[in-house]
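# Observations on chain architecture
Chain by chain, the residues:
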Amino acid sequence: MKRLISIAVSLAILSIVWAMLDRGAIWAALKQTDPGLLALSLLWLVGLVGISALRLIALARVTDFFLPPRRALEATFVANTLNMVLPGKLGDLLKAASMADAGAGELPAALSLGAWEKLMDLVMLFVVAALASGFLGGAPVLTAFLALAGGAGLAVALVPGVIAFIAARMGARGVKFAEAWGAMLGRLRARPGGLATVVGMTALLWAGHLVQIAMMMTALGVTGDAGFWGQVLAMIPIAIVAGLVPLTFAGVGTRDAAIVTLFGGMIGGETAAALGVLFWLRYLVPGLFGLPLVPRYTGQIRAHLRARRAGQG
């Protein structure tokens, strides 16, 4: 029922956005999309999923987990599939839970690892966008905001007390998570070389994602000077965060509204709406790769949770 409500909300928002625009012009923009460049951007996107799996392996090793490369790649694609139907990209946390099922460690430790990876993803998105915007001459105020948000996020991700303070006030489960979070951060901080590798790979990933989005925009015929692209890259994080609102299905609707609002004045509302449609492919294409694996992974995670409950009983 909740999923039907989220789909209805997405369709309602999307209908309102498109009603304010020329729908014929939106379809015309989509029809004029360069198919070769679009295909290249999607191939690039699949490659980024592979790099994300390598980062998961590096993160697991730094925190004394063992995660086989095949398992990491499969779990990463499955997470992309689940992110299409779960709010706030919670599929990433189930990806971490699958590590515990594989014998990589206890579930609280695996979940804390997944939560840290998810937090670092968001943080480095702001950091990389701020650097790109500053380098290309984007709006100083927006660049400064991104830099401050990224800096604050890094402090939260690397200082154990912040998350632990919040989690410890969420009952017994929160206390257990706080302990696992603190232990995980302790292992990360004890290996600065490995931590720097993970952070660097996350920055590389988001630089790649920004390039991929720029490729999609170019496929739509969008062009501009360095200042224009600096402004675009500075606003992309806002559009991505808008897509994390849990009220919608896979971010459809809220993300589209944000893209039209942010980019409509720069590239035209109809072209911005067409870009919103192409954004759907960023979630659909990796999700299709992981779709055949979902039943097996979710079944294994359920079995792991049942076994843990039986052991606690």
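The sections below set out a description of the structure shown in this document. (Residues numbered from 1 in each chain as written. Predicted model: local features only at pLDDT ≥ 70, side-chain atom pairs only at ≥ 80, totals over all residues. Heavy atoms only, no water.)

## Description of the pattern of salt bridges
Applying the stated rule across the entire model yields three salt bridges. One network of salt bridges, in which partners are shared, links Arg55, Glu117 and Asp121. (Salt bridge = Lys/Arg side-chain N within 4 Å of Asp/Glu carboxyl O.)

## A word on the packing of helix H11 (residues 226-242) against helix H12 (residues 254-267)
Across the interface, H11 lies against H12 with an axial gap of 8 Å and an inter-helix angle of 165 degrees. Taken together, H11 and H12 sit at an angle that is classed as roughly antiparallel. Crossing handedness for the pair H11 and H12: right-handed. Taken together, the residues of H12 that come into contact with H11 (itself represented by Phe228, Gln231, Val232, Met235, Ile236, Ile238, Ala239 and Ala242) are Thr254, Arg255, Ala258, Ile259, Leu262, Phe263, Met266 and Ile267. Its residues assigned to classes, the contact of H11 with H12 comprises 13 nonpolar, two polar and one charged. (Axes fitted to C-alpha atoms, helices over the stretch in contact; angles between N-to-C directions. Helix = DSSP H or I, 4+ residues; strand = E, 2+ residues; numbered from the N terminus. Parallel < 35°, antiparallel > 145°, perpendicular 65-115°, else oblique. Left-handed = near helix turned anticlockwise from the far one by under 90°. Contact = heavy atoms within 4.5 Å. Nonpolar A, V, L, I, M, F, W, Y, C, P; charged D, E, K, R; others polar.)

## Looking at the packing of aromatic side chains
As enumerated under the stated definition, the model contains three aromatic pairs in all. Note on tryptophan 18 and tryptophan 27: the rings are 5.6 Å apart at their centroids and 75 degrees apart in plane angle, and the pair reads as edge-to-face. (Phe/Tyr/Trp six-rings, centres within 6.5 Å; stacked < 30°, edge-to-face > 60°.)

## Observations regarding helix H10 (residues 192-219)
Taking 1.5 Å of rise per residue, 28 residues should cover 40 Å, and H10 covers 40 Å from first to last C-alpha, within 8% of that figure. Positive backbone phi, approximately 95 degrees, marks glycine 221, located one or two places after H10. (Expected span 1.5 Å × (residues − 1).)

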